[in-house]
Amino acid sequence: QVQLVESGGGLVQAGGSLRLSCAASGRTFSSYAMGWFRQAPGKEREFVARITWSSGLARYADSVKGRFTISKDNAKNTVYLQMNRLKPEDTAVYYCASRCGTVGDYDFWGQGTQVTVSS
């Protein structure tokens, strides 16, 4: 089992920035990659970004490319999501997730943190 705890959400004005953190504990050695997802009210959960623990290879959704940056601190077992130039449409609950395999579904999920961007 891998336990994930997100933090850093909040209320910010459009154009502002927030940094989310996701602290992993437990069997973290089994994790290959960490991802950030979000779910807005009335919408399905969508992929935001992911990063691999070993190489730091990152991928982003087109909607956040150039504005969001995912990073990691292996020593702290923590992944970050730096969100800049936030837009009202970025408002959602943000979840981090851990994936054991190189491909496929994510195995463990955090409880989520609310991000609200006001116009």
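Whatever comes next refers back to the structure up there.
Since the model is a prediction, treat every value here as computed from it, not as a measurement. (Residues numbered from 1 in each chain as written. Predicted model: local features only at pLDDT ≥ 70, side-chain atom pairs only at ≥ 80, totals over all residues. Heavy atoms only, no water.)

> Would you mind going over the packing of aromatic side chains in detail, with residue names and values included?
When we look at a pair of aromatic rings, we describe it by the centre distance and by the angle of the planes. Enumeration over the complete set of coordinates arrives at 4 aromatic pairs. Relative to Phe 47, the ring of Phe 37 lies with its centre 5.7 Å away and its plane at 75°, an arrangement referred to as edge-to-face. Of this pair, Phe 37 sits in strand β4 (residues 33–39) while Phe 47 sits in strand β5 (residues 46–52), and the two are 10 residues apart along the sequence. A relative accessible area of 10% places Phe 37 in the buried class. (Phe/Tyr/Trp six-rings, centres within 6.5 Å; stacked < 30°, edge-to-face > 60°. Helix = DSSP H or I, 4+ residues; strand = E, 2+ residues; numbered from the N terminus. Buried < 20%, exposed > 50% of the residue type's maximum accessible area, 1.4 Å probe, protein only.)

> Give a detailed account of the environment of Gly 56, specifying residues and quantitative values.
On the secondary structure map, Gly 56 appears in the loop between β5 and β6 (58–60). Assessed through its relative accessible area of 26%, Gly 56 is described here as partly exposed. Sequence separation between Gly 56 and Asp 73 is 17 residues, and the spatial gap between their C-alpha atoms is 9.9 Å. Apart from residues lying up to four places away in sequence, Gly 56 is in contact with Ile 51 and Lys 72. (Contact = heavy atoms within 4.5 Å.)

> Go over unusual backbone geometry, please, and point to the residues and values.
One non-glycine residue, Asn 77, lies in positive phi territory at about 50°. Within the secondary structure layout, Asn 77 lies in the loop between β7 (68–73) and β8 (78–83). For Asn 77, a relative accessible area of 26% gives the class partly exposed. Even without being a glycine, Arg 85 presents a positive backbone phi close to 50°. Tracing the sequence through the fold places Arg 85 in the loop between β8 and β9 (92–99).

> I'd like a description of the nonpolar core, backed by residues and values.
In this structure, Leu 4, Trp 36, Val 48, Phe 68, Leu 81, Met 83 and Tyr 94 are the most contacted members of the largest nonpolar core, which totals 28 residues. Of all elements in the fold, only β1 (2–7), β3 (18–26), β4, β5, β7, β8, β9 and β11 (113–118) reach the threshold of two or more residues within this core. Among the elements that take part in this core, β3 stands out by supplying 4 residues, more than any other. (Core = buried A, V, L, I, M, F, W, Y, C linked by side-chain atoms within 4.5 Å.)

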